[in-house]
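Structure assessment
Each chain, written out:
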Amino acid sequence: MDFNVKKLASDAGVFFTRAVQFTGEKFGQVEKTELDAHFESLLSRADSTKNWTEKIFRQTECLLQPNPIDHTGARIEEFLYEKLDRTVPSRPNNGELLGHYMQDAAKDFGPGTPYGNTLIKVGDCERRLGGAQREFLQTSAISFLAPLRNFLEGDWRTISKERRLLENRRLDLDSCKARLKKAKLAESKAACEGEAVPDFQETRPRNYVLSASASALWSEEVDKAAHELRVAQTEFDRQAEVTRLLLEGISSTHVNHLRCLHEFVEAQTAYYKQCYLHMQDLQKELGRFPNAFAGNPGLSMASGGSSPQGNATLPLDAASAVETDTLKIEEVQAPATGTRKAKVLYDYDAADTSELSLLADELITVYTVPGMDSDWLVGERGNQKGKVPVTYLELLS
């Protein structure tokens, strides 16, 4: 118990000395040991690495889990399983759940109906998309998020601990410097007073003896302060070297994070490519079956009750579409009024000779033609003329 009290008193004294030194530095009343420019550069680089790594890590988590509130229960469950050293049970994600619901609905509506048949195909695609997403999340968590988390929770904590220890060593060093400086000033003052010739006619001749005694005491205090300063300087230099080595390791951290970033991009590319292929396959599969709601509902009903000859009267809109398809673009003349300038937003490759290929950021002249689909305009660029999609253009006033 006695040892603990002494240690507590010693720690309190050290803390008070550091607080006095720190306060004096803030008010500019005492000197402060400055670190070299290279060391300061390493500190700044480490702080920047920590801050940006933390932001990238948090935002990547938001990207992979857009609604963190919905995953609160799942995260608590994962935390409990991790503490119990057990494997977290697999659960379906949103895409897989949607696929299951669609396929269950198809069974209820009847898989032989057009709607039920389509629900089965779309549901299967959604399940495959959910599986691709699951694989992407697992790969990203292992190859990208885990290294960033390890740096923030491991290496950075070690660096922060050593930096705090270095700051304490610096405060101790500056406190020893201030103590030695004060002791030398007091010693020189006592020595000057001791050099004066004593006047034994004084009523208090003992002042001379006291001055000589004080000079000897201050000389011992100077020696003690100088010894403490050497010890503090040694500890500070040792701690500065340890901290410097850790800070220089930030370069290796950058190299490791660069490799992880490449792996994340590869995983993301593979994920989106897989999703694209799944959607392409779904479109091809759905294209093999007629869509009862693709055209005019009245047309579908008329087709269902067609005449014995199998001919149905086409609506006016369908006739207009046929006329538009047979429209020859080269014979279209630009109207006297109504033409506008348009800026091309994206590159576009013409599907046939009736269309006009486009390059991003170029300016063309566009106008409408009676009977043409509203999703298309006629575009002119010099002597070239052809249909252009509206979605690729920004109409200018």
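Structural notes, computed from the coordinates. (Residues numbered from 1 in each chain as written. Predicted model: local features only at pLDDT ≥ 70, side-chain atom pairs only at ≥ 80, totals over all residues. Heavy atoms only, no water.)

**As for the overall build of the protein**
A count of helices and strands for the protein gives nine helices and five strands. The linear arrangement of helices and strands in the protein, starting from the amino end, is α-α-α-α-α-α-α-α-α-β-β-β-β-β. Across the 397 residues of the protein, 26% fall into the buried class. Of the contacts formed within the protein by residues at least 6 apart in sequence, a portion of 69% connects residues at least 24 apart. Per element, the accessible surface of the protein, about 27,300 Å² overall, is 56% carbon and sulfur. (Helix = DSSP H or I, 4+ residues; strand = E, 2+ residues; numbered from the N terminus. Buried < 20%, exposed > 50% of the residue type's maximum accessible area, 1.4 Å probe, protein only. Contact = heavy atoms within 4.5 Å. Areas by Shrake-Rupley, 256 points an atom, 1.4 Å probe, with all protein chains shown as cover.)

**A word on the packing of aromatic side chains**
By the definition in use, this model includes eight aromatic pairs. Centre to centre, the rings of Y271 and Y272 are 5.1 Å apart; their planes meet at 50°, and the pair counts as tilted. A network of ring pairs unites the aromatic residues F136, F144, F264, Y271 and Y272 as a single cluster. The aromatic ring of W52 is capped on one face by K55, whose charged end is 4.7 Å from the ring centroid. Between the NZ or CZ atom of K387 and the centre of the ring of W376, over which it lies, the distance is 5.1 Å. (Phe/Tyr/Trp six-rings, centres within 6.5 Å; stacked < 30°, edge-to-face > 60°. Lys NZ or Arg CZ within 6 Å of the ring centre and 35° of its normal.)

**Quick word on the nonpolar core**
By size, the foremost hydrophobic cluster in this structure holds 41 residues, and its most contacted members are F136, L180 and L247. At the level of secondary structure, the elements contributing two or more residues to this core comprise α2 (37-64), α4 (94-109), α5 (114-194), α6 (206-248) and α7 (250-287). In terms of residue count, the dominant contributor to this core is α5 (18 residues). Contact partners of L247, with chain neighbours within four places excluded, come to F39, L42, L43, A46 and I159. Ranked by size, the runner-up nonpolar core spans 10 residues in total, among them Y348, I364, V366 and L393. (Core = buried A, V, L, I, M, F, W, Y, C linked by side-chain atoms within 4.5 Å.)

**So, α4**
Between its terminal C-alpha atoms α4 stretches 22 Å, which fits the 22 Å expected from 16 residues at 1.5 Å a residue. For α4, the set of buried residues is G95, E96, G99, M102, Q103 and A106. Buried positions in α4, seen along its axis, are confined to an arc of 125° and lie on one side of it. Within α4, the exposed residues directed more than 90 degrees away from the buried face are N94, Y101 and D108. Capping the start of α4, N93 holds a side-chain oxygen 3.3 Å from the backbone nitrogen of G95, two or three residues further along. Taken from the residues just after α4, G110 is the one with a positive phi, measuring 110°. (Expected span 1.5 Å × (residues − 1). Arc of directions from axis to C-beta. Polar contact = N/O pair within 3.5 Å; in protein donor to acceptor, adjacent residues only side chain to side chain.)

**Re unusual backbone geometry**
The phi torsion at D361 lies on the positive side, around 75°, for a residue other than glycine. Along the chain, D361 turns up in the loop between β1 (340-344) and β2 (363-367).

**Here's the deal with the environment of E266**
By the secondary structure assignment, E266 is in helix α7. Residue classification places E266 among the exposed positions, given a relative accessible area of 53%. In this structure, the C-alpha to C-alpha distance between E266 and S140, residues 126 residues apart in sequence, is 9.7 Å.

**Brief notes about a nonpolar patch on the surface**
A surface patch of nonpolar side chains, amounting to about 250 Å² of accessible area, comprises L258, L261 and V265. Tracing the backbone shows V265 in helix α7. (Patch = residues over 30% accessible without salt bridge, like charges linked within 9 Å, V, L, I, M, F, W, Y side chains within 5 Å. Salt bridge = Lys/Arg side-chain N within 4 Å of Asp/Glu carboxyl O.)

**Side note on the pairing of strand β4 (residues 384-389)**
Both faces of the sheet carry side chains from a regular strand, because those side chains alternate between them. Across six bridges, the pairing between strand β3 (residues 376-381) and β4 is antiparallel. Across the sheet, residue R381 finds its bridge partner in β4, namely Q384. Between the antiparallel neighbours β3 and β4 lie two residues, among them G382 with a positive phi of about 65°. (Pairing = 2+ DSSP bridges.)

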